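# Examination of the molecular architecture
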Amino acid sequence: MQDSLFLRAAFSKSTERPPVWMMRQAGRFMPEYWEIKNKYSFLEMCKTPEIAADVTMLPVDLLGIDAAILFSDILVTGEAMGGDLSFTQGVGPKFANPVRNQADVDKLLTDVDDKLQYVADAIKVIQQRLDGKIPLIGFAGAPFTVMSYLVEGGSSKDFKLTKLMLHNHPELAHKLLAKIAKVTVDYLNLQIAAGVNAVQLFDSWALALSWDDYNEFSHRYNKQIIEGLNRKDIPVISFCKGSSVFAPIMAEAKPDVVSIDWNADLLDIKKKLPAGMAVQGNLDPHILYAEKHVIKERIHRLFERMRGEDGFIFNLGHGIMPDIPFDNVKYAVEVVKEFRY
């Protein structure tokens, strides 16, 4: 497994081409996903190991990607801590009991591995099915991002309530973030013990923060998580929306890979990172709506820019949108797999 393209690139070893996987690669752009989704709720899919394995395997079987990623959700930690989580079609995730004050924070649990055992069970089923063909990536939501959902009660455009907590009640925010960080370390280590080959930390809403607030309320907890992982032979990928801005500080947490959004030149970012730190990215997912010759040209343009650089994993700057044509995603994977340096 350590000889896989993905793991070699993650540890900045040379590869004959960039490995490819895509965030949200098992998802709503696939008709086969909907065949499963129409039978079960989203949380049932996450919590039933055989179904989570079925969905995880869709892009392995249908796209031929170089790494699988566990089918789950970043908010399962928030639910395990005591959040009343639901997912509604067209609305997204909701916490019916948002965290707004000291009493709410005090109620949240931190010893919750038993409540997340279904994830470890799913990993074991997936690894049996993968049978050593390609690596499996586990993941978790970063504390600030999970906090934002807990405080807002769901998705938010402006993160007003979250920012009010950061600015008016920073001690309370830190208490909440510390609890989420503790759960996240345990959760990722549970995934590593269950058999994942890499982990990614998703700080999806970090872009909402100023530099100073990112440093205080996001970076310090992400660093604490990465330091707490049993990461021997397990590469750690750090991703956030805003990574083109925050990459230098993200690197201080010492991940193996920094995943970059599409707002920056990837080579420029890589040259600013410490030697031996890999990058992942950074095609604008909207390119996958375009005609195939455009998709190919843009992927090749990125690859030519990165020519001669070890430590490069091809991915999107964020996840695949639900209405991107499946054939375009499949074509993009084929373009990557045909490329040679």
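Figured I'd write up the structure that's included with this text. Nothing here was measured: the structure is a model prediction, and the numbers come from that model.

Turning to the overall build of the protein chain, a few remarks are in order. Scanning the protein chain for helices and strands turns up 15 helices and nine strands. Against the 2.2 N^0.38 benchmark of 20 Å for 341 residues, the protein chain shows a C-alpha radius of gyration of 19 Å, consistent with a compact globule. In terms of its C-alpha atoms, the protein chain occupies a principal-axis envelope of roughly 55 × 45 × 40 Å. In the protein chain, which comprises 341 residues, the share counted as buried stands at 60%.

For the rest of this paragraph, the subject is the pattern of salt bridges. Applying the stated criterion across every chain yields a total of 19 salt bridges. Across the salt bridge formed by K47 and E79, the nearest N and O atoms sit 2.9 Å from each other. One end of the pair, K47, is in helix α3 (residues 42–47); the other, E79, is in helix α5 (residues 76–80), and 32 residues separate them in sequence. On the basis of relative accessible area, E79 is assigned to the buried category, the value being 19%.

So, on to unusual backbone geometry. The peptide bond linking G281 to N282 adopts the cis configuration, its omega dihedral lying at -20 degrees. Unusually for a residue other than glycine, S12 sits at a positive phi of about 60 degrees. Within the secondary structure, S12 is located in the loop between α1 (5–10) and α2 (31–37).

Here the focus is the nonpolar core. One finds M22, M147, L176 and F314 to be the most contacted residues of the largest nonpolar core, which totals 135 residues. A per-element tally of this core places helix α10 (residues 170–194) first, with 13 residues. Residues in contact with F314, not counting those within four places in the same chain, are P18, P19, V20, W21, M22, G281, L283, I299, L302, F303 and V336.

Once that is clear, we can look at the pairing of strand β9 (residues 312–316). Counting buried residues along β9, five of its five residues qualify, which places the element largely inside the surrounding structure. Because side chains alternate across β9, one face comprises the buried residues F312, F314 and L316, and the other comprises I313 and N315, equally buried. A crossover connection joins strand β8 (residues 278–283) to the parallel β9 through helix α14 (residues 292–305); in handedness this β-α-β unit is right-handed.

Taking 1.5 Å per residue as the helical rise, helix α15 (residues 326–338) with its 13 residues ought to reach 18 Å, and the 19 Å between its terminal C-alpha atoms agrees with that figure. When we look at burial in α15, the residues that qualify are F326, N328, V329, Y331, A332, V333, V335 and V336. Where α15 is buried, its residues touch α4 (49–62), α14 and β9.

Attention now moves to the packing of helix α11 (residues 211–227) against helix α12 (residues 243–251). Interaxial distance between α11 and α12 falls to 11 Å at its minimum, and their mutual angle equals 45 degrees. Classified by the angle between their axes, α11 and α12 sit oblique to one another. The way α11 lies across α12 gives a crossing that is right-handed. Across the interface between the two elements, W211, Y214, N215 and H219 from α11 touch V245, F246, I249 and M250 from α12. Along the lines of polarity and charge, the residues of the contact of α11 with α12 split into six nonpolar, two polar and no charged.

Attention now goes to α11. If you look at α11, its biggest bend is around 35 degrees, right at S218. Every buried residue of α11 is accounted for by D213, Y214, F217, S218, H219, Y221, N222, I225 and I226. For α11, the secondary structure elements touched by its buried residues are α8 (143–152), α9 (160–168), α10, β5 (198–203), β6 (236–240) and α12.

Quick look at the side chain of S148 now. As for its placement among the helices and strands, S148 is situated in helix α8. At 2.7 Å, the side chain of S148 forms a polar contact with the backbone oxygen of T145. Apart from residues no more than four positions distant in its own chain, S148 is found in contact with G153, G154, F159, T162 and W205.

Two elements in contact, α10 and α11, have axes separated by 9 Å at closest approach and are oriented at 25 degrees. Judged by the inter-axis angle, α10 sits roughly parallel to α11. In terms of crossing hand, the pair formed by α10 and α11 is right-handed. Side by side, α10 and α11 meet where P170, A173, H174, L177, A178, A181, T184, V185 and L188 of the first sit next to E216, F217, R220, Y221, Q224 and I225 of the second. Its residues assigned to classes, the contact of α10 with α11 comprises ten nonpolar, three polar and two charged.

How each quantity is defined
- Along each chain, residues carry numbers from 1 onward, in the same order as the chain's sequence is written.
- Since the coordinates come from a predicted model, pLDDT governs what is reported: local features require at least 70, and pairs of side-chain atoms require 80 or more to be given and counted, while whole-chain, interface and lining totals use all residues.
- Excluded from the side-chain calculations are hydrogens and water; all other atoms, namely the structure's heavy atoms, are used.
- Each helix corresponds to a stretch of at least 4 residues labelled H or I by DSSP, and each strand to a stretch of at least 2 residues labelled E; elements are numbered beginning at the N terminus.
- Radius of gyration: over C-alpha atoms. The globule rule applied is 2.2 Å multiplied by the number of residues raised to the 0.38 power.
- Buried residues are those whose accessible area, probed at 1.4 Å on protein chains only, stays under 20% of the maximum for their type, while exposed residues exceed 50% and partly exposed ones sit between those limits.
- What makes a salt bridge here is a side-chain nitrogen of Lys or Arg within 4 Å of a carboxyl oxygen of Asp or Glu, nothing more.
- Joining through side-chain atoms within 4.5 Å is the link that ties buried Ala, Val, Leu, Ile, Met, Phe, Trp, Tyr and Cys residues into a set, and such a set is a nonpolar core.
- Two residues qualify as a contact provided that any one of their heavy atoms is within 4.5 Å of a heavy atom in the partner residue.
- When the strands point away from the viewer, a crossover counts as right-handed if the route from the first strand across the helix to the second turns clockwise.
- Take the number of residues in a helix, subtract one, and multiply by 1.5 Å to get its expected span.
- Axes here mean lines fitted to C-alpha atoms, for a helix over just the part in contact, with angles spanning 0 to 180 degrees between N-to-C directions.
- By the definition adopted for this analysis, an angle is roughly parallel if under 35 degrees, roughly antiparallel if over 145, roughly perpendicular if from 65 to 115, and oblique otherwise.
- Rotating anticlockwise by less than a right angle from the far helix to the near helix defines a left-handed crossing, while the corresponding clockwise rotation defines a right-handed one.
- Classification used: nonpolar for Ala, Val, Leu, Ile, Met, Phe, Trp, Tyr, Cys and Pro, charged for Asp, Glu, Lys and Arg, polar for all others including Gly.
- A residue's bend is simply the angle between two axes: one fitted to the seven residues ending at it, one to the seven starting at it.
- What qualifies as a polar contact is a pair of N or O atoms within 3.5 Å, subject to a donor-acceptor requirement within protein and to the restriction that residues adjacent in sequence count only when both atoms come from side chains.

Taken by themselves, the reported measurements are silent on function.
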